[in-house]
Amino acid sequence: MNGELSQNAQAILLLTAPLLAGGARPSVRPLPLGDYNKLVRHLRDTNMQPADLLDSEGLRELGDFWSALRTSRTPEDVRQLLGRGFLLAQALERWSARAIWVVTRPDDDYPDRLRRKMRGRAPPVLYGCGDRDALDGGGLAVVGSRKVPEELIEYTERVGQLAAEAKVQIVSGAARGVDQAAMWGSLEAGGRAIGVLGNNLERAALNRGNREPLMDGRLVLVSSFDPAVRFRGWQAMERNKQIYALADAALVVNSDHGHGGTWAGATEQLGKLRYVPVYVRSTGEPSRGLEELVARGAGRWSEPKTPSGLREIVFDDASPDPEHHDLPLWRPPSETEAAPGVSVVRESVPTVLAERKIVADDSEWPLEAPVPGKNEMRLLRVMSGEMTRKEVRDALKLKNRSDVKKRFLDPCLEQGWIKMTVPEKPRSPKQRFRITSAGRARVKVFKDE
């Protein structure tokens, strides 16, 4: 999957990646982005490349100039990081077995959108699974919280479906709630989606629910964090930057006011980064958070009803050219190898804005649709229209009334695969149950298994 890594890609991985798949955590932490950029700048100015550090002469030169970089790290730290060749080999073997590719910032197939918009903030390494060319395809970023009312899930699914009809990719964070609703809405309608993960790419790449769209090229999962890394709040904030940078426009479906990852990511775009135009939902229940985003410069989503209307919003507004610090990209003067390979652990401290209460609702979860058990799948396969509990029991050919609730209805309700027509009154005599789009997706994924 990764082919032959160039020496530059190997050096970048050794310097910046934790290589968690290769064994225990390193005794020396990988270089944070700031220190890596300082090193890259010096290498560029002296006509050197990261690969030059892999031999003894390059390491000697490293000691000569290191003090000028003004970093707390030492040349010995760099030597230890570069000496992890065996761990790198183990990690590459593990990633390849899981169809995970890796690409470094100087590689030709690194996403140009990240280079152009993020510049020195672009992660030195990206890991992914699926068609990496899709990362330069742009699209509509859809963001929101994990826990939202069912009507917002349905609204977001419709946005995803319309995007599929318009041949516009959905770009999102692959978290449960709004993110997955947009992505699955598009994928179910035959569209394409990019899932930008803040953790656990390895698990998402192996998930059966993602298998079909990954294999047919409609889904690509990408992360700037080691495929086995666990979730930490600041990783979600870094992921948010990449979501916006990979898109042409962004829609905020819902947001808390003054806190949470969605709020922090949107206000950062409106105030500092400005990678793309940001819009907010303009129908349904009013939201203080969305209104405040409008006050800060977000546009109101015009709620297009046609594919052409959606394309006009996404592509006709020219994204502003963001102002960035002059940080180095480092592309070697002459390198024809387009070798994949690199990963990064950001050790820099998040911005003050990013540190503000990232609540549990905005926690990162991989695009990992739960696998239905035998009972849940039986129920999903017999659901047709709106059904009473008795009709469900009859369709399942059950005799015990309690069995249908405990063994079938409750598990599927909990996962969002079915829904009640009168959710505010669970015991209502008018209560009916119907399958959701998420439930239909589960049936589709597992219909042949």
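Keep in mind the model is a prediction, meaning the values are calculated, not measured. (Residues numbered from 1 in each chain as written. Predicted model: local features only at pLDDT ≥ 70, side-chain atom pairs only at ≥ 80, totals over all residues. Heavy atoms only, no water.)

1. What to know about the environment of D52
Definition in use: The way it works is that DSSP assigns letters per residue, a run of H or I at least four long becomes a helix, a run of E at least two long becomes a strand, and they are numbered from the N terminus. Exposed residues in this analysis have more than 50% of their type's maximum accessible area, buried residues have under 20%, and partly exposed residues fall in between, with area computed by a 1.4 Å probe over protein chains only.
Position of D52 among the secondary structure elements: in the loop between α2 (33–45) and α3 (56–65). Among the residues examined, D52 registers a relative accessible area of 29% and is labelled partly exposed.

2. Thoughts on the pattern of salt bridges
Put simply, the test is: Should a side-chain nitrogen of Lys or Arg be within 4 Å of a carboxyl oxygen of Asp or Glu, the pair is scored as a salt bridge.
For the structure shown, the criterion picks out 17 salt bridges. If you follow the salt bridges from partner to partner, you end up with R94, R98 and E202 in one network.

3. Brief notes about the pairing of strand β3 (residues 140–143)
Rule in force here: Note on pairing: two strands pair once DSSP finds at least 2 bridges between them. Throughout, right-handed denotes a crossover for which the path from the first strand over the helix to the second runs clockwise when the strands point away from the viewer.
Of the two faces of β3, both are covered, the one formed by L140 and V142 as well as the one formed by A141 and V143. Taken together, the two bridges between β3 and strand β4 (residues 170–172) define a ladder with parallel strand orientation. Note that in β4 the partner of L140 across the bridge is I170. With helix α7 (residues 150–165) bridging β3 and the parallel β4, this β-α-β connection has right-handed handedness.

4. So, the side chain of T267
Using the following cut-off: Throughout this description, a polar contact denotes any pair of N or O atoms lying within 3.5 Å of each other; where both atoms belong to protein, one of them has to be capable of donating a hydrogen while the other can accept it, and for residues adjacent in sequence the pair is counted only when both atoms sit in side chains.
The residue T267 is located in helix α12 (residues 261–273) in this model. Exposure remark for T267: the relative accessible area of 7% places this residue in the buried category. Engagement of the side chain of T267 in a polar contact is seen with the backbone oxygen of A264, the distance being 3.2 Å.

5. With respect to the packing of aromatic side chains
How we decide: For Phe, Tyr and Trp, where Trp contributes only its six-membered ring, two rings pair if their centres lie within 6.5 Å, and the inter-plane angle classes them as stacked under 30 degrees, edge-to-face over 60, or tilted in between.
With the rule as written, the count across this model stands at two aromatic pairs. Aromatic side chains W95 and Y127 sit 5.0 Å apart centroid to centroid with 70° between the ring planes, which places their arrangement in the edge-to-face category. In this pair, W95 sits in helix α5 (residues 85–97) while Y127 sits in strand β2 (residues 125–129), placing the two residues 32 residues apart along the sequence. The buried category is assigned to W95, whose relative accessible area is 0%. The interplanar angle of 70° and the centroid separation of 5.8 Å between the aromatic rings of Y279 and W301 together place this pair among those described as edge-to-face. With a gap of 22 residues between them, Y279 in strand β8 (residues 278–280) and W301 in the loop between β9 (299–300) and α14 (307–316) connect regions that are remote in the sequence.

6. Observations concerning unusual backbone geometry
Positioned with a positive phi, K167 is a non-glycine residue whose angle comes to about 60°. Relative to the elements of secondary structure, K167 occurs in the loop between α7 and β4. Although it is not a glycine, R274 adopts a positive phi angle of roughly 55°.

7. As for the pairing of strand β5 (residues 193–197)
Across the five residues of β5, five count as buried, placing the element largely inside the fold. Both β5 and strand β6 (residues 219–223) contribute to a ladder of five bridges, which runs parallel. Looking at β6, one finds that V196 is bridged to V222.

8. Section: the environment of D410
Relative to the helices and strands, D410 is located in helix α18 (residues 401–415). D410 gets classed as partly exposed once you look at its relative accessible area, which sits at 30%. Considered as a pair, D410 and E376 are 34 residues apart in the sequence and their alpha carbons are 9.4 Å apart.

9. Quick word on the packing of α7 against helix α8 (residues 178–188)
We apply this condition: In this description, a line fitted to the C-alpha atoms serves as the axis of each element, helices being fitted only across the stretch in contact, and the angle between N-to-C directions of two axes falls anywhere from 0 to 180 degrees. Should the near helix be turned anticlockwise from the far one by less than a right angle, the crossing is left-handed, and should it be turned clockwise, the crossing is right-handed. Contacts: residue pairs with any heavy atoms within 4.5 Å of one another. Under the convention adopted here, Pro, Cys and the residues Ala, Val, Leu, Ile, Met, Phe, Trp and Tyr are nonpolar, Asp, Glu, Lys and Arg are charged, and Gly plus all remaining residues are polar.
Where α7 contacts α8, the two axes come as close as 7 Å, and the packing angle between them is 40°. At the point where α7 passes α8, the crossing takes the right-handed sense. The residues of α8 that touch α7, namely those facing I153, T156, E157, G160, Q161 and A164, are V178, A181, A182, G185 and S186. In terms of residue class, the contact of α7 with α8 is made up of five nonpolar, five polar and one charged.

10. A few points about the confidence of the model for the chain
Worth spelling out the cut-off: The quantity known as pLDDT measures the predictor's confidence residue by residue, on a range of 0 to 100.
With 84% of its residues at a pLDDT of 70 or more, the chain has an overall mean of 83. Contacts of residues 317–368 to residues separated by more than four positions or lying in other chains number 181 contacts, the stretch itself having pLDDT below 50.

11. Notes on the packing of helix α16 (residues 374–382) against helix α17 (residues 389–396)
Formally: Orientation is classified from the angle alone, with under 35 degrees giving roughly parallel, over 145 giving roughly antiparallel, 65 to 115 giving roughly perpendicular, and any other angle giving oblique.
At a closest axis distance of 10 Å, the pairing of α16 and α17 adopts a crossing angle of 110°. Of the possible angle classes, the one that applies to α16 and α17 is roughly perpendicular. Each of R378, L379 and V382 in α16 lies in contact with α17, whose residues at this interface are V392, A395 and L396.

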